[in-house]
2 protein chains.
Amino acid sequence: MKARVTVMLKAGVLDVQGEAVRFALGTLGFGGVTGVRQGKVIELDLAENDRGAVETSAKAMCEKLLANTVIEGYSIEVL
Amino acid sequence: MKARVTVMLKAGVLDVQGEAVRFALGTLGFGGVTGVRQGKVIELDLAENDRGAVETSAKAMCEKLLANTVIEGYSIEVL
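Read on for a plain summary of the structure. Just so it is clear, the model here is predicted, and its values are computed rather than measured.

Section: the sheet that holds strand β1 (residues 2–9) of chain B
- Spatial strand order, β3(A)-β1(A)-β2(A)-β2(B)-β1(B)-β3(B): 6 strands in an open sheet with antiparallel pairing. Since the sheet does not close on itself, it has two edges, and those belong to β3 (72–78) of chain A together with β3 (72–78) of chain B, each with one partner. Strand-to-strand, the axes of this sheet are offset by a mean angle of 25 degrees, without reference to chain direction.
- Taken together, the 7 bridges between β1(B) and β3(B) define a ladder with antiparallel strand orientation. Within the sheet, the bridge partner assigned to Thr6(B) lies in β3(B) and is Ser75(B).
- Contacts from helix α1 (residues 16–27) of chain A reach β2 (33–46) of chain A together with β2 (33–46) of chain B within the one sheet, and its direction differs from that of β2(A) by about 125 degrees.
- Against the sheet, helix α2 (residues 51–66) of chain A touches β1 (2–9), β2 and β3 of chain A together with β2 of chain B, its axis set at about 160 degrees to β3(A).

As for the interface of chain B and chain A
- Each partner contributes to the interface: chain B provides 29 residues, whereas chain A provides 29 residues.
- Across the interface of chain B and chain A, roughly 2,400 Å² is buried in total on both sides, 71% from carbon and sulfur atoms.
- Linking chain B with chain A are 0 salt bridges, by the criterion used here.
- Here chain B and chain A share 10 residue pairs in polar contact (both at pLDDT 80 or more) between them.
- Of all the elements in the fold, those that place two or more residues in the side of chain B that touches chain A are β1, α1 (16–27), β2 and α2 (51–66) of chain B.
- With 14 residues, the top contributor of residues to the side of chain B that touches chain A is β2(B).
- Each residue belonging to the side of chain B that touches chain A can be placed in one class, and the counts come to 17 nonpolar, 7 polar and 5 charged.
- Judged from the 13 bridges that link them, β2(A) and β2(B) form a sheet pairing that is antiparallel.

Reading guide: rules and limits
Residues numbered from 1 in each chain as written. Chains lettered and ligands numbered in written order. Predicted model: local features only at pLDDT ≥ 70, side-chain atom pairs only at ≥ 80, totals over all residues. Heavy atoms only, no water. Pairing = 2+ DSSP bridges. Helix = DSSP H or I, 4+ residues; strand = E, 2+ residues; numbered from the N terminus. Axes fitted to C-alpha atoms, helices over the stretch in contact; angles between N-to-C directions. Contact = heavy atoms within 4.5 Å. Buried area = accessible area lost by both parts, 1.4 Å probe. Salt bridge = Lys/Arg side-chain N within 4 Å of Asp/Glu carboxyl O. Polar contact = N/O pair within 3.5 Å; in protein donor to acceptor, adjacent residues only side chain to side chain. Nonpolar A, V, L, I, M, F, W, Y, C, P; charged D, E, K, R; others polar.

Here you go:
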């Protein structure tokens, strides 16, 4: 089964990449962009076939590797 | 309004980051991970209030800045 993990910086943590994108969009003439946050998305192909097991595995992967839980939050979507 | 842009490498383009994550998950004891693709997600806060206009703006931003359309595909979700 497939799972999609989205990792974003927590609210309140300065998002330097997002700010750089916002600035660049401004210089390209895109007005009205009031905020940009950038994160990462990780699509996992897992051998497991049980939705619960996939979610448990993906959560463990986030806690151990995919997200820095001090400053990042994550969400898991089983596809 | 908010829009979420997801940018992923096109199928067939070597995803080095994804392969690195797959290898790292293996060394951490997560078996059964048959594939990993990593991309980026960009959340935009836009001043526009019309769904169509937001989608049009986000598409132009993808074409001009957010995605390298030679090797990357993107999808836009208006929230």
